[in-house]
Amino acid sequence: MGIYFTVLSSGSTGNATVIQHGGTSLMIDAGLSAKRLEALFLEREILGTELDGILVTHEHSDHIKGLGAMSRKYNLPIYANTNTWAALEKSVGAIPEENRRVFETGEKHDFGSLRVESFGISHDAAEPVGYTFDDGSEKLSVATDLGYMSDKVRDAISESDVLVLEANHDVELLRMGRYPWNTKRRILSDIGHLSNEAAGAALSELMNGRIKRTYLAHLSRDHNMMDLAKMSVRDAMESRGCFYRDHEFKLCDTYYDRPTPWDRVGEP
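Values in this document were obtained by computation on a predicted structure and should not be read as measured data. (Residues numbered from 1 in each chain as written. Predicted model: local features only at pLDDT ≥ 70, side-chain atom pairs only at ≥ 80, totals over all residues. Heavy atoms only, no water.)

Sorry if this is basic, but what is going on with helix α3 (residues 67-74) here?
Quick reminder: α-helices carry 3.6 residues per turn. Residues three or four places apart thus point the same way. Taken together, the buried positions of α3 are Leu67, Gly68, Met70, Ser71 and Tyr74. Relative to the axis of α3, the buried residues are bounded by an arc of 170° and lie together on one face. Phi for Asn75, located one or two positions after α3, is positive at around 55°. (Buried < 20%, exposed > 50% of the residue type's maximum accessible area, 1.4 Å probe, protein only. Helix = DSSP H or I, 4+ residues; strand = E, 2+ residues; numbered from the N terminus. Arc of directions from axis to C-beta.)

Below, the structure written as C-alpha cells:
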C-alpha cells in the first residue's frame, strides 16, 4: 500500500503537506488561502472531497490561513490539541462541533491502517506539535518550526524512512539581515526556528542507515537559499563524522510557490 506525500508549500508565506495511504488522505496545516490550496491540489491531482481531515501543528497564520475555509467547504474535521484550539478559535471562524476534533500532544490516532502520532516541539505558540505517520513498515516524520531539536523530538522521529525537517535560516545571513533585533533574537532562540547548521547537527544524530531522504523545509526567503541550506546541512553532518553518498541518502528541496513531486516513503 505505502505512504505517499507531497509538500504543497513550505515557508513563512504558507505551509501545507498532504499524506495519502490507501484510502486515507490527510493534510498537515492549511497555511495558504483556500483558493491557493485548491490550485496546488490541481497540480498534484488532489481532490478536496477525498481528504479525511486536517492536522494542525500550531496557530500561526502561515499554518492556518485557509483552515476554516477548507474545513467548511469540504466538511473536513480539524485535529488539534486543546491549547491550540483555544489559540486559533478567533482565526478560523465557525466550525461545526462534529468537525472540532481534539488530538492531544503525544496521542496516537489510527486513520485506517495509518497510525499518526503527535509530539511536542519548542516554538513560540500555544502548544506546537509535529507528526509521525507509520503503517508498520514505513515511517514519515514532519518536524518544522523547531526552536531546537530536543531529545523528545529526536526520539519521536527516529527510525523514520523520510523526514520533512526545518532548515530555516543561515545564522550569519540572519544576523546581517534587515529584521529588527528583537525578531532576530526570537528566530535564534529555543522557541524560534532551526538553522541550517542545527538541522545538520540533528541529522547526524538521527542517521542510522534507515533514513533515505530528508526534505529541507520552512526556508526563510530572506535569510536562506536551498543550495546554501543543502551545503550547510551536509557540512554540519560531515564535521560530525556523518558521511553519506547520494545513492544512500538525499537532501531534497521544498518550495514556497509549488508542490514537491509525490514521494513514496518506502522507495529507496
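Back to the write-up after that little detour.
Looking at this model, I keep getting lost on helix α1 (residues 34-43). Mind explaining?
When we look at burial in α1, the residues that qualify are Ala34, Leu37, Glu38, Leu40 and Phe41. Looking down the long axis of α1, one finds its buried residues gathered within 160° of arc, a one-sided arrangement. Looking at α1, the residues exposed on the side facing more than 90 degrees away from the buried face are Lys35 and Leu42. Of the surrounding elements, those touching the buried residues of α1 are β1 (3-9), β2 (16-21), β3 (24-28) and α3. Remark: Glu45 follows α1 within two positions and exhibits a positive phi of approximately 55°. (Contact = heavy atoms within 4.5 Å.)

Please explain unusual backbone geometry as it appears in this structure.
Excluding glycine, most residues fall at negative phi; most peptide bonds, likewise, are trans. Phi at Asp29 is positive, roughly 65°, even though this residue is not glycine. Position of Asp29 among the secondary structure elements: in the loop between β3 and α1. For Asp29, a relative accessible area of 3% gives the class buried. One non-glycine residue, Asn75, lies in positive phi territory at about 55°.

Would you mind showing me how to read the pattern of salt bridges here?
Oppositely charged side chains can form a pair if their charged atoms are brought close together. Scanning the model with the defined rule gives 17 salt bridges in all. Of the charged contacts, one joins Arg264 and Glu138 as a salt bridge, the two residues approaching to 2.5 Å between their closest N and O atoms. Residue Arg264 is located in strand β14 (residues 263-264), and its partner Glu138 is located in the loop between β9 (129-134) and β10 (139-143); the two are separated by 126 residues in the primary sequence. What makes Arg264 partly exposed here is its relative accessible area of 23%. Glu138 gets classed as buried once you look at its relative accessible area, which sits at 5%. Linking Glu159 and Arg210 is a salt bridge whose minimum nitrogen-to-oxygen distance equals 3.9 Å. Remark: Arg210 occurs in the loop between α8 (196-206) and β12 (213-217) and Glu159 occurs in the loop between α5 (151-157) and β11 (162-166); sequence separation between them is 51 residues. Residue classification places Glu159 among the partly exposed positions, given a relative accessible area of 40%. We classify Arg210 as partly exposed; its relative accessible area is 27%. (Salt bridge = Lys/Arg side-chain N within 4 Å of Asp/Glu carboxyl O.)

Is there a simple way to explain the pairing of strand β8 (residues 114-120) in this structure?
The two faces of the sheet receive side chains in turn, since in a regular strand these alternate between them. As defined by bridge partners, strand β7 (residues 108-111) adjoins β8 across 4 bridges and the pair is classed as antiparallel. In the strand pairing of β8, Phe111 is matched with Leu114. Between β7 and β8, which follow one another and run antiparallel, lie 2 residues, and Gly112 among them has a positive phi close to 65°. Pairing of β8 with β9 involves 6 bridges; the strand directions are antiparallel. Residue Gly120 lies in a different strand from β9, and its bridge partner there is Val129. (Pairing = 2+ DSSP bridges.)

How should I be thinking about the packing of α1 against α3 in this particular structure?
When two helices pack together, their arrangement is given by the angle between their axes and by how far apart the axes lie. One can describe the packing of α1 onto α3 by two numbers: an axis separation of 9 Å at closest approach and a directional angle of 65°. The pairing of α1 with α3 is recorded here as roughly perpendicular in orientation. In this structure, α1 uses Ala34, Leu37, Glu38 and Phe41 to contact α3, whose residues at the interface are Ala69, Met70, Lys73 and Tyr74. In terms of residue class, the contact of α1 with α3 is made up of 6 nonpolar, no polar and 2 charged. (Axes fitted to C-alpha atoms, helices over the stretch in contact; angles between N-to-C directions. Parallel < 35°, antiparallel > 145°, perpendicular 65-115°, else oblique. Nonpolar A, V, L, I, M, F, W, Y, C, P; charged D, E, K, R; others polar.)

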